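Letter by letter, the chains look like this.
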Amino acid sequence: MVQLEDVLRARGRIVDSVKTTPILKSRQLSKRCEAQIFLKSEHLQTTGSFKIRGATNRVIQAKKEGVKFVAAASSGNHGQAVAYIANNLEIPATIVVPTDANESKVNAIKEYRGSVEYCGTTSAERIPRAKELAEELDGMFIPPYDHPDIIAGQGTVGLEILEQVEDVDTVIVPIGGGGLMSGTLIAIKEKNPNVRVIGVEPELGYDTKLSLERGEITPVEGTHLTIADGIRTTQPGTLTFPILQKYLDELVLVTEDEIRYAMSFVMERMKQLIEPSSATTVAAAMFDKVNLNHEKVVCVISGGNVDLQKLSELLVKTEGSN
Ligand SMILES: *Cc1c(COP(=O)(O)O)cnc(C)c1O
């Protein structure tokens, strides 16, 4: 299992490539939640999400091992992160994306000089293709969450939270494959087990909740229906799941309407463009999924990559708005 040592080592490795993102505070959000709410702002991270942390930790080591090519399967934040860091380290990268991939995301990958290959519409088609490419070109496949280096890299978010928010009581983190959550849990629980860590999933993508209840990894269908496109995974990872079983305090679910409302609230009141996957943590705080009781609470804002053409479909009117 990944340990605190690994997260500390990851931080040393990636410190020059990633930002220490700011903590934002909103009086209105705090008032509404009856708690002190802080936002850990990974939407302001390089490439627009925390994914650059894990990807950098993995690709730096691949380079050290003499790897001459990397491949990933993702049209989203992981694909952008791998393309960005590979370009920085002067390693060619191919990102395998679905045939219906959003053009702005594909363009972002190309801007980071990643090659784009289209393949199928599901990750079940894309992942084998990316692995095959890596093998053919004597390169390395970079997975999005289920690898010790990825988990350790994402865990640096947890280290920063402990340093930036003194006496934090509760940290709320979105869960997809569980890389961000498992890394954050290791960093926080192995430094200060008294900090409460709560996970969030959309009701439409409750695979980790179900898996924890059953005590074994259990896939669910229909997760592609949530607007939270960064956390549409169908099941938790084999490395991430045991870490969640060991350390996670609670896992709550939010509805699509709650995600939209939270996203709109943050955009309107705080002028921050956050993506639906990140808005889940704010929704959990706003809609009383967790008893916050005037605590110091950090909501992890995991990313800010939104297709601007679709933005108006995601937003709703909030009470008291103009
Ligand atoms: C990938 C991603 C997540 C989920 O991270 P996992 O490590 O897969 O659990 C959450 N939010 C955003 C914005 C993401 O890109």
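All residue numbers refer to positions counted from 1 along the written sequence of the respective chain. For a predicted model such as this one, the threshold for reporting local features is a pLDDT of at least 70, and the threshold for listing and counting side-chain atom pairs is 80 or more; totals across whole chains, interfaces and linings nevertheless cover every residue. In computing side-chain values, all of the structure's heavy atoms are included and hydrogens and water are not.

A. Just the pairing of strand β2 (residues 36–41), in detail. Of all 6 residues that make up β2, 5 are buried, and the element is covered over most of its length. Strands are labelled as partners when DSSP assigns at least two bridges between them. Numbered from the N terminus, helices here are DSSP runs of H or I no shorter than four residues, and strands are runs of E no shorter than two. In this sheet, strand β10 (residues 296–301) lies alongside β2 in parallel orientation, the contact comprising 6 bridges. Bridge pairing links Ser 41 to Ile 301 in β10. A 1.4 Å probe rolled over the protein chains alone gives each residue an accessible area, and that area as a share of the maximum for its type sets the label: buried under 20%, exposed over 50%, partly exposed in between.

B. Focus on the side chain of Ser 49. For Ser 49, the position within the fold is in the loop between β2 and α3 (51–64). Polar side-chain contacts of Ser 49 include one of 3.1 Å to the backbone nitrogen of Lys 51. Every residue pair with non-hydrogen atoms within 4.5 Å of one another is taken to be in contact. Contact partners of Ser 49, with chain neighbours within four places excluded, come to Glu 42, Asn 77, Ser 302, Gly 303 and Asn 305. Within 3.5 Å is the distance limit for a polar contact, defined as a pair of N or O atoms, with the added protein rule that one can donate a hydrogen and the other accept it, and that residues adjacent in sequence qualify only through two side-chain atoms.

C. Local environment of the packing of aromatic side chains. Each pair of aromatic rings taken from Phe, Tyr and Trp, with Trp reduced to its six-membered ring, is defined by centres within 6.5 Å and is described as stacked if the planes are under 30 degrees apart, edge-to-face if over 60, and tilted in the remaining cases. In total, this model carries 2 aromatic pairs according to the counting rule given. For the ring pair Tyr 84 and Tyr 112, a centre distance of 5.3 Å and an interplane angle of 90 degrees mean the geometry is edge-to-face. Here Tyr 84, found in helix α4 (residues 77–88), pairs with Tyr 112, found in the loop between α5 (103–111) and β5 (115–118); they are 28 residues apart in sequence, far enough to count as distant. Where Tyr 261 meets Phe 287, the ring centres are 5.7 Å apart and the plane angle is 80 degrees; that geometry is what we call edge-to-face. One end of the pair, Tyr 261, is in helix α12 (residues 256–270); the other, Phe 287, is in the loop between α13 (276–286) and β10, with 26 residues separating them in the sequence. To sit over a ring, a charge needs its Lys NZ or Arg CZ within 6 Å of the ring centre and within 35 degrees of the ring normal. Its end group placed over the ring of Phe 287, Arg 32 keeps NZ or CZ at 5.4 Å from the ring centre.

D. Highlighting the site of the ligand. Nearness is judged by heavy atoms alone; a residue qualifies as near a molecule or strand once a single heavy atom is within 4 Å of it. Lining the immediate surroundings of the ligand are 15 residues, of which Lys 51, Asn 77, Gly 176, Gly 178 and Ser 302 lie closest. Lys 51 is positioned with one of its side-chain polar atoms (N or O) 2.8 Å from an oxygen atom of the ligand. Gly 176 has a polar backbone atom sitting 2.8 Å from an oxygen atom of the ligand. For every accessible area listed, the method is Shrake-Rupley and the probe measures 1.4 Å; residues are considered covered only by the protein chains on display. Starting from 380 Å² of accessible surface for the ligand in isolation, the protein chains cover 97%. In this classification, the charged set is Asp, Glu, Lys and Arg, the nonpolar set is Ala, Val, Leu, Ile, Met, Phe, Trp, Tyr, Cys and Pro, and all remaining amino acids, among them Gly, are polar. Within the shell around the ligand, the residues separate by chemical class into 4 nonpolar, 9 polar and 2 charged.

E. How the structure looks around the nonpolar core. With 36 residues, the main nonpolar core has Leu 29, Ile 37, Leu 39, Ile 172, Val 282, Met 286 and Cys 299 as its most contacted residues. Those elements giving two or more residues to this core turn out to be α2 (27–33), β2, β8 (196–202), β9 (250–254), α12, α13, β10 and α14 (311–314). Apart from the residues lying within four places of it in its own chain, the contact partners of Ile 37 are Leu 24, Lys 25, Ser 26, Leu 29, Ser 30, Ala 285, Leu 292, Val 297 and Cys 299. As used here, the term nonpolar core means buried Ala, Val, Leu, Ile, Met, Phe, Trp, Tyr and Cys residues forming a set that is joined through side-chain atoms within 4.5 Å.

F. Highlighting the domain arrangement of the protein. Domain boundaries shown here were taken from an automatic or database domain assignment. Once the domains are mapped, the protein shows domain 1 (4–49 + 149–314) and domain 2 (51–146). Taking only C-alpha atoms, the centre of domain 1 and the centre of domain 2 are 23 Å apart. Two parts placed together each lose some accessible area under a 1.4 Å probe, and the buried area is that loss summed for both. With both sides pooled, the region where domain 1 packs onto domain 2 buries about 2300 Å², and carbon together with sulfur makes up 49% of that total. Summed over the three residues of domain 1 that lose the most area to domain 2, namely Arg 13, Thr 47 and Ile 150, the buried surface amounts to 28% of that side. The interface formed by domain 1 and domain 2 holds 16 residue pairs in polar contact (both at pLDDT 80 or more) in total. Counting only elements with at least two residues in the side of domain 1 that touches domain 2, the list comes to α1 (4–14), α7 (148–154) and α8 (156–164). The element best represented in the side of domain 1 that touches domain 2 is α7, accounting for 6 residues. Of the residues that constitute the side of domain 1 that touches domain 2, the class distribution is 8 nonpolar, 17 polar and 10 charged.

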